[in-house]
Amino acid sequence: MAGIQPQKPERDGFLPIRTNGFDRGFISAVILILVHLLWMRFLEGVLPLWVATVLCLALSVFIIRKG
Amino acid sequence: MRRSGIASFVLWICLTILTLLPVWWMLVVSMRPRVKLYSKSVLIDNLYWDNFLAVLNSSTFLQYLWNSMVVATSNAALVCALGLLAAFGLSRYKISGGDNVFFWLITNRMAPPAVFLLPLFLLFTKWFVFGDFMLFDTKIGLILLYCVFNLPFAIWLLKGMLDGIPLELDEAARVDGATTGQVLSHVILPLARPGLAVTFILTWIFAWNEYLFAATLTSSADARTVTTALAEYVSVTGTNWGEMAAMAFLTTLPALVVLGFVQKHIVTGLTFGALKG
Amino acid sequence: MRQSNIGWLFLTPATLILFVVGFIPFIYILYVGFFDWNTNAVDPTLRWAGLQNYRNLVFDTTFLNSLARTLVFAFFVVVSELLLGYVLARALMADRLWGRQFFRTIHTLPIVVAPIAVGATWRLLCVPGFGIVPYYLKLWFGIDYNISTNAYHAFGTAIIMDLWHWTPFVTLSLMAGLTALPKEPLEQAQIDGGNKLQIFWYVIVPMLKPVLLTTVFIRLMDALRSVDEIWMLTKGGPAEATRFIGLHIWINVFPKTDYGYGAAMSLLTLYVTIVLSWLLFVAMTGRKGGAQ
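Since we're looking at a predicted model, the values are computed, not measured. (Residues numbered from 1 in each chain as written. Chains lettered and ligands numbered in written order. Predicted model: local features only at pLDDT ≥ 70, side-chain atom pairs only at ≥ 80, totals over all residues. Heavy atoms only, no water.)

Asker: Help me understand the overall build of chain B, please; the structure alone is not making it clear to me.
Answerer: A count of helices and strands for chain B gives twelve helices and two strands. Counting from the amino terminus, chain B carries its helices and strands in the arrangement α-α-α-α-α-β-β-α-α-α-α-α-α-α. In terms of overall dimensions, chain B has C-alpha extents of about 75 × 70 × 30 Å along its principal axes. Within chain B, buried positions represent 58% of all 277 residues. Counting contacts in chain B only where the partners sit at least 6 residues apart, residues at least 24 apart contribute 71% of the total. Accessible surface computed for chain B: about 11,200 Å², of which carbon and sulfur atoms make up 68%. Measuring between centres, the 17 positive side-chain charges of chain B sit 11 Å from its 14 negative side-chain charges. (Helix = DSSP H or I, 4+ residues; strand = E, 2+ residues; numbered from the N terminus. Buried < 20%, exposed > 50% of the residue type's maximum accessible area, 1.4 Å probe, protein only. Contact = heavy atoms within 4.5 Å. Areas by Shrake-Rupley, 256 points an atom, 1.4 Å probe, with all protein chains shown as cover. Lys, Arg positive; Asp, Glu negative; His and termini not counted. Charge placed at Lys NZ, Arg CZ, Asp CG, Glu CD.)

This is the structure in structure tokens:
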């Protein structure tokens, strides 16, 4: 497995690893799901869920552009 | 070096005993008549075969045994054929997006089966239905399904072996006017035969061993396998330990038989060819 | 290497079959997870439920405990197998050894035994009143060992069973890794006067890292999904002491036929598995940021 060389264009952003487009999209999705689950558990009584969605989408755009 | 050799030898002996103890105990229990079952000796007192005979005389168990044979053999054959093609493609051609294929195949092998039980159950009972034919509770369903974990395994085992066949042989055959199909059948296939045999045996064993899918996606003697027989047996007849041990031993038997042939390749296969055993 | 399009042709049959039995179920379960669907309910059709299944799920303590228990189990199992496997691999590496091939073969045995038979065997060993393990523990050490009433004993036995089942694999793969290591850096480090711990940490571990990570990856994924052995050994009990996540899904979804909720459970489990495996995969391909 060590022999696999990633071929897609990669770059250094603010994320701690070199990433390609797929990685950044993946990270965004993982964070989006995680935030939504935690939000439903702890915050939904106070703030509606769409706030989480908006926040996460903003973060996703940021990660995909700059990550 | 001498001393470490002896220490190493002693350690090997201890480990071997530890490894064999559970299997040995299973054999001991399977050879005990009912009256002696609760004896705590770890030695076989006398050769007593009635437990095995009882299991092998049950027509349901024989049917299950046959099902397992059919499923494992067909699945191993299918996986070897498709795996050889895929491994040939991966080994001899530069494939764009090979990385992604690799990760996707790993995902297939590594995904928890329990997660896919529900969708597969629903698909098998409600969607993959053609007239009277339903994929649920058929051997074909299991044969296709076991490709999920066996095919990636086979591809990586075979790719490692095909990579070891010099490319010059292909080129020489092509210069002589062979088509790609002829290269595959006349050059690669004969040379890959030992590798194919190992792959066949290992995938056969994994298909034979599988329980969760078989238990969920079959319901009648038409398709149930030996592993489900063993599990059913435990829940039905609580304390008939002798027969249960005999059944467990029969389930383990194929693994014991082929162990010597495949021992070298297991590590390579399980680590996606990352390690040579 | 020849041109790429024909290469894909050879991959097509394999990909196609994996698409049908691997990918379609995933998409389907993603879809079902958003619905309220119980075939035994008054209304056995799919009704749109939005995120309600997931909302229930994050408050389902049985599920969450089961997930946490699985992670604890996987952690214990992977760490102890790695330590044990490394020690054994080093100890067993003697160059010339009588019967080496024989020992290796015996050692491979647990890997190929059917998990369900492993569970049955360990049940024969450990079941109270019948097995030899409780009997001799009582006789020699006076320990009341009972996997059907004591949660810790059951959990511990599950771990030990997994150690028996998979430590040989770790040992063998680490042996393969150690054998393939170049000798020069090790000798150089010895000449430079490094002690054993330093050599281990600064020379062996970095060189062995790909092998270690690969092994951890495979063991972790396997530990997260073990069902068969546990089912045979304890049926997930006593109470829920050994009910790991795969078992939880399996014994809950099918009797209750609450498919929407089951889909949500399965998906959340898959989510955890994928995140863990992706993190390890990134570590394995060694994509460090910064200097590069």
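Asker: So what exactly am I meant to see when it comes to the overall build of chain C here?
Answerer: Looking only at helices and strands, chain C features twelve helices and two strands. Scanning chain C from its N terminus toward the C terminus, one meets helices and strands in the order α-β-β-α-α-α-α-α-α-α-α-α-α-α. Its C-alpha atoms give chain C principal-axis dimensions of about 75 × 70 × 40 Å. Put simply, of all contacts in chain C between residues at least 6 apart along the chain, 69% involve residues at least 24 apart. Of the roughly 12,900 Å² that chain C leaves accessible, carbon and sulfur atoms contribute 67%. Once the 20 positive and 15 negative side-chain charges of chain C are each reduced to a mean point, those two points are 4 Å apart.

Asker: Looking at this structure, how should I read helix H12 (residues 241-270) of chain B?
Answerer: What sets the pattern is the α-helix's 3.6 residues per turn: residues three or four places apart point alike. All names here are of chain B. Here H12 spans only 33 Å end to end across 30 residues, well under the 44 Å set by a 1.5 Å rise per residue. A bend of about 75° at Val-262 is the largest found in H12. With 23 of its 30 residues buried, H12 lies for the most part within the structure. (Expected span 1.5 Å × (residues − 1). Bend = angle between axes of the 7 residues up to and from the residue.)

Asker: Even after reading the chapter, I still don't get the domain arrangement of chain B, so can you show me in this structure?
Answerer: Many structure descriptions define interface size as the accessible area lost when the parts assemble. Residue and element names in this part refer to chain B. As assigned here, chain B comprises domain 1 (1-48) and domain 2 (50-270). Using only C-alpha atoms to locate each centre, domain 1 and domain 2 end up separated by 31 Å. Counting from both sides, the interface comprises ten residues of domain 1 and, opposite them, eleven residues of domain 2. A per-residue breakdown of the area domain 1 buries against domain 2 is headed by Met-26, Ser-30 and Tyr-48, which together make up 49% of the total. (Domains from an automatic or database assignment. Buried area = accessible area lost by both parts, 1.4 Å probe.)

Asker: How should I be thinking about unusual backbone geometry in this particular structure?
Answerer: What is expected of a backbone is that most residues other than glycine have negative phi and most peptide bonds are trans. In this structure, C:Lys235 is a non-glycine residue whose phi angle is positive, near 60°. Note on C:Lys235: relative accessible area 29%, which makes it partly exposed.

Asker: In this structure, what is going on with the domain arrangement of chain C? I would like to understand it.
Answerer: All names here are of chain C. With domains assigned, chain C is organised as domain 1 (27-59 + 257-287) and domain 2 (65-254). Taking only C-alpha atoms, the centre of domain 1 and the centre of domain 2 are 30 Å apart. On the domain 2 side, the residues contacting the 14 residues of domain 1 number 15 residues. Around 1,300 Å² of area is buried between domain 1 and domain 2 when both sides are counted, 84% of it from carbon and sulfur atoms. By the criterion of area lost to domain 2, the three top residues of domain 1 are Met-265, Leu-280 and Met-284, representing 38% of everything that side buries. In this structure, the connection of domain 1 to domain 2 is made through zero salt bridges. Residue composition of the side of domain 1 that touches domain 2, grouped by class: seven nonpolar, six polar and one charged. (Salt bridge = Lys/Arg side-chain N within 4 Å of Asp/Glu carboxyl O. Nonpolar A, V, L, I, M, F, W, Y, C, P; charged D, E, K, R; others polar.)

Asker: Would you mind going over the side chain of B:Thr16 with me for this structure?
Answerer: With respect to the helices and strands, B:Thr16 occurs in helix H1 (residues 2-30). From its side chain, B:Thr16 meets the backbone oxygen of B:Trp12 in a polar contact 2.6 Å long. With near-sequence residues (within four places) excluded, B:Thr16 lies in contact with C:Phe103 and C:Ile106. (Polar contact = N/O pair within 3.5 Å; in protein donor to acceptor, adjacent residues only side chain to side chain.)

Asker: Which parts of the structure should I look at to understand the interface of chain C and chain B?
Answerer: At the interface, 94 residues of chain C touch 102 residues of chain B. Carbon and sulfur atoms make up 81% of the area that chain C and chain B hide from each other, which totals about 9,000 Å². Here chain C is connected to chain B by zero salt bridges. Of the residues forming the side of chain C that touches chain B, the biggest block, 21 residues, is contributed by helix H1 (residues 4-32) of chain C. Class assignment for the residues of the side of chain C that touches chain B results in 67 nonpolar, 21 polar and six charged.

Asker: Can you help me understand the environment of B:Ala223 in this one?
Answerer: Structurally, B:Ala223 is set in the loop between helix H10 (212-217) and helix H11 (226-236). In contact with B:Ala223, not counting residues within four places along its chain, are B:Asn67, B:Asp137, B:Thr138, B:Lys139, B:Leu142 and B:Thr218.

Asker: How should I be thinking about helix H12 (residues 259-284) of chain C in this particular structure?
Answerer: Its 26 residues give H12(C) an end-to-end C-alpha distance of 36 Å, which sits within 8% of 38 Å, the value for a rise of 1.5 Å per residue. For H12(C), a buried count of 21 out of 26 residues is recorded, marking the element as mostly surrounded by other parts of the structure.

Asker: Looking at this model, I keep getting lost on the confidence of the model for chain B. Mind explaining?
Answerer: Should the pLDDT be low somewhere, the predicted coordinates at that spot are not to be read in detail. Averaged over every residue, the pLDDT of chain B is 84; the share at 70 or more is 92%. Helix H3 (residues 59-92) of chain B holds the highest mean pLDDT among the elements of chain B, 91, whereas helix H4 (residues 98-110) of chain B holds the lowest, 73. (pLDDT = per-residue confidence, 0-100.)

Asker: Looking at this model, I keep getting lost on the packing of helix H3 (residues 61-91) of chain C against helix H7 (residues 151-180) of chain C. Mind explaining?
Answerer: A pair of packed helices can be characterised by two numbers: the angle between their axes and the separation between those axes. Residues and elements named next belong to chain C. One can describe the packing of H3 onto H7 by two numbers: an axis separation of 7 Å at closest approach and a directional angle of 45°. Of the possible angle classes, the one that applies to H3 and H7 is oblique. Crossing handedness for the pair H3 and H7: right-handed. Split into classes, the residues belonging to the contact of H3 with H7 amount to 18 nonpolar, four polar and four charged. (Axes fitted to C-alpha atoms, helices over the stretch in contact; angles between N-to-C directions. Parallel < 35°, antiparallel > 145°, perpendicular 65-115°, else oblique. Left-handed = near helix turned anticlockwise from the far one by under 90°.)

Asker: Just to check I follow, could you spell out the pattern of salt bridges for this structure?
Answerer: For side chains of opposite charge, pairing can occur when their charged atoms come near one another. If you walk through the whole model with that rule in mind, you get ten salt bridges over all chains. One salt bridge in this structure joins B:Arg92 and B:Asp170, with 2.8 Å as the shortest N-O distance. Residue B:Arg92 is found in helix H3, and its partner B:Asp170 is found in helix H8 (residues 167-175); the two are separated by 78 residues along the sequence. Each member of the pair, B:Arg92 together with B:Asp170, is buried. Here C:Arg219 and C:Glu81 are joined by a salt bridge, their closest N and O atoms 2.6 Å apart. Of this pair, C:Arg219 sits in helix H9 (residues 196-224) while C:Glu81 sits in helix H3; the two residues are 138 residues apart in sequence, bridging distant segments of the chain.

Asker: Help me understand a nonpolar patch on the surface in this model?
Answerer: On the surface, A:Leu34, A:Leu38, A:Phe42, A:Leu43, A:Val46 and A:Leu47 cluster together into a nonpolar patch covering about 570 Å² of accessible area. Structurally, the position occupied by A:Phe42 is in helix H1 (residues 21-43). (Patch = residues over 30% accessible without salt bridge, like charges linked within 9 Å, V, L, I, M, F, W, Y side chains within 5 Å.)

Asker: How do you make sense of the side chain of B:Thr199 when you look at a structure like this?
Answerer: Residues and elements named next belong to chain B. Summarising the element assignment, Thr-199 is placed in helix H9 (residues 180-209). By relative accessible area, Thr-199 is classed as buried at 0%. Look past the residues within four positions of Thr-199 in its chain and what remains in contact with it is Cys-80, Ala-154, Leu-157 and Leu-158.

Asker: Just checking my understanding: could you explain the state of the cysteines for this structure?
Answerer: Disulfide: a covalent bond connecting the sulfur atoms of a pair of cysteines. Scanning the entire structure with this criterion turns up zero disulfides over all chains. We note that B:Cys80 lacks a disulfide partner, and the nearest cysteine sulfur, in B:Cys147, lies 11 Å from it. (Disulfide = S-S within 2.5 Å.)

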